[in-house]
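This is what each chain is made of:
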Amino acid sequence: MNLDLAVIGGGMAGLVTARTAARAGADVVLLEARPVVGGLVGWHWVAGIDLDAGAESFATRGGHVAALAEELDLPVVTPRPAPARVLHAGRLHPLPATGVLGIPTDLEAPGLLEVLGPAGLDRARADLSLPIEPSTAELTLAELVTSRMGPAVLDALVRPIVRGVHSAEPEQIAAEVLLPGIAARLQAAGSLTGALRQVRAAAPAGSAVAGIDGGVHLLPAALERDLSARGARVRTASPVRTLRRGADGWQLTGDTWQLGARQVVLACPPQAWGFLGESDDEDLTVLAAAGRAWPEPQTADLLTLVLRAGDLPEHDRAGTLVAEPGHGAKALTYTSAKWDWVARAAGGDRVVLRLSYAGGILTAGTQAELGLRDAARLTGTPGPWPAEALQGMARSTLHPPAPAWASAAAREPVQAAAGRLVGLHLTGAWWCGTGLAAVVAHATRTAGETT
Ligand SMILES: Cc1cc2nc3c(=O)[nH]c(=O)nc-3n(C[C@H](O)[C@H](O)[C@H](O)COP(=O)(O)OP(=O)(O)OC[C@H]3O[C@@H](n4cnc5c(N)ncnc54)[C@H](O)[C@@H]3O)c2cc1C
């Protein structure tokens, strides 16, 4: 007998899809290749503390993630308000507190002159007087920012944020994707500064991000428990090996099992679609080929350091983004200054920092030295930190997929092929965009399409 729904992939997208369908009364199985659910939302154990080793916060827009956490009895917490900095031209500068994606909304803000230089600031201020082009709807984020405010704003402020948050270059993303409605607002407001002030005014009051007391990694674990309590089957260490259309839905096989389901959700990215394999089903073959053409994922390394307190000169910063590409860390978060729960877990005599790197830079032999060097550089500490300051360290390597907006040319064939496969649905960050806010909202909608 066929189940109602098989969900392939036990990251946040698959877990939320499965739970939403199970709540609506569907008979659901979730299949996850790895021994644990969560996917990119994981944890690592550092000097006796369980710390997030992937997502550590979520955007509060839409309210979907906070609502989910509350349903699962996980306390939502807000980070301590703290300014962030950017490392640009070898110096640390404050990021404008009222910016949107790093784009300043107040061109008189203190610190802007320092980071942009006199010519860069003058060019940014030209935004207030330049005429609005009739069509800005098709512009990339880079084109929008450069045409209104010049290259200094793009390179010093916007690029490090887009790289750090979306693992992409501003040249790769349409402005409308990250700033929905920006073209219309620009026409109405007459300047980018004015348009972004409207965006800020329209955002809900309060912090733009929130976290979970104890870590965001508690979310997948709680979702798994909730699914099991609702009678859904969660099968970990169960990679799907083949997916085929059957007489009444879909047939799935793994290493030692097979099952049938009327509907199937692909909640894993195209790089994992080996299960579509070679078959005589033309539509599946077309989907498999479209998946193979998807942009390659970028590997990322997260390095968490637990350090002796007292070596760090200041603790009131959210972190530092790096503007220049290079071989060091691309961002640092003062985790114990940002989250009360981390400060409590670390105790008064230790601090926790998290560094993120592009994949392939760190090795087991070099990570301590590079981590200490970058931690000093990005916190503004003179000289390298002493090796004895290091109380514990852990590295997690992640393979985030290229999200769909990275290439319209990749998205359209997948959309077309999937559209011909009745009962097959797509969800996940690779499809709807990076970040838990987008993933949870899309997965909830996808589950609705299966019932
Ligand atoms: C370093 C880093 C930091 C981040 N920080 C934040 C943050 O602070 N805030 C935020 O909102 N977002 C953050 N994100 C993004 C966020 O983590 C992701 O957008 C989200 O977790 C993606 O979830 P997903 O379910 O779409 O994909 P994934 O988590 O990749 O899940 C896909 C799952 O499919 C499974 N799978 C693959 N093949 C098979 C198969 N054949 N059979 C069965 N299962 C299979 C995989 O094992 C995996 O568990 C961060 C991402 C990274 C990489």
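The rules behind these values
- Residues numbered from 1 in each chain as written.
- Predicted model: local features only at pLDDT ≥ 70, side-chain atom pairs only at ≥ 80, totals over all residues.
- Heavy atoms only, no water.
- Pairing = 2+ DSSP bridges.
- Helix = DSSP H or I, 4+ residues; strand = E, 2+ residues; numbered from the N terminus.
- Domains from an automatic or database assignment.
- Contact = heavy atoms within 4.5 Å.
- Buried area = accessible area lost by both parts, 1.4 Å probe.
- Salt bridge = Lys/Arg side-chain N within 4 Å of Asp/Glu carboxyl O.
- Nonpolar A, V, L, I, M, F, W, Y, C, P; charged D, E, K, R; others polar.
- Core = buried A, V, L, I, M, F, W, Y, C linked by side-chain atoms within 4.5 Å.
- Buried < 20%, exposed > 50% of the residue type's maximum accessible area, 1.4 Å probe, protein only.

Thoughts on the sheet that holds strand 6 (residues 76-77)
Overall, antiparallel pairing links the 3 strands, which are arranged 5-9-6 in an open sheet. Looking along the sheet, the strands with just one partner apiece sit at the ends: strand 5 (58-59) and strand 6. Relative to strand 9 (residues 209-212), strand 5 runs antiparallel, the two being bridged by 2 bridges. The partner of Ala 59 across the bridge, within strand 9, is Val 209.

A look at the domain arrangement of the protein
Domain boundaries assigned for the protein yield domain 1 (2-39 + 217-296 + 402-450), domain 2 (43-61 + 207-215 + 299-398) and domain 3 (95-202). Between domain 2 and domain 3, the residue contacts involve 6 residues of the former and 7 residues of the latter. Summed over both sides, the interface between domain 2 and domain 3 buries roughly 490 Å², with carbon and sulfur atoms accounting for 63% of that surface. If you sort the residues of domain 2 by the area they bury against domain 3, Leu 321, Ala 323 and Lys 330 come out on top, with a joint share of 80%. Viewed at the interface, domain 3 and domain 2 are joined by 0 salt bridges. The residue makeup of the side of domain 2 that touches domain 3, split by class, is 4 nonpolar, no polar and 2 charged.

Notes on the nonpolar core
Counting 37 residues, the largest nonpolar core has Leu 116, Leu 141, Leu 157 and Leu 179 as the members making the most contacts within it. The element best represented in this core is helix 5 (residues 151-166), accounting for 7 residues. Mapped onto the domain boundaries, this core takes at least three residues apiece from domain 2 (43-61 + 207-215 + 299-398) and domain 3 (95-202). With 35 residues, the next largest nonpolar core counts Met 12, Leu 219, Ala 222 and Ala 267 among its residues.

A look at the pairing of strand 17 (residues 350-358)
For strand 17, a buried count of 8 out of 9 residues is recorded, marking the element as mostly surrounded by other parts of the structure. Bridge count between strand 14 (residues 300-308) and strand 17: 9 bridges; the pairing is antiparallel. Looking at strand 17, one finds that Leu 302 is bridged to Ser 356. Pairing between strand 16 (residues 331-333) and strand 17: 3 bridges, direction antiparallel. Paired with Ala 331 across the bridge in strand 17 is Ser 356.

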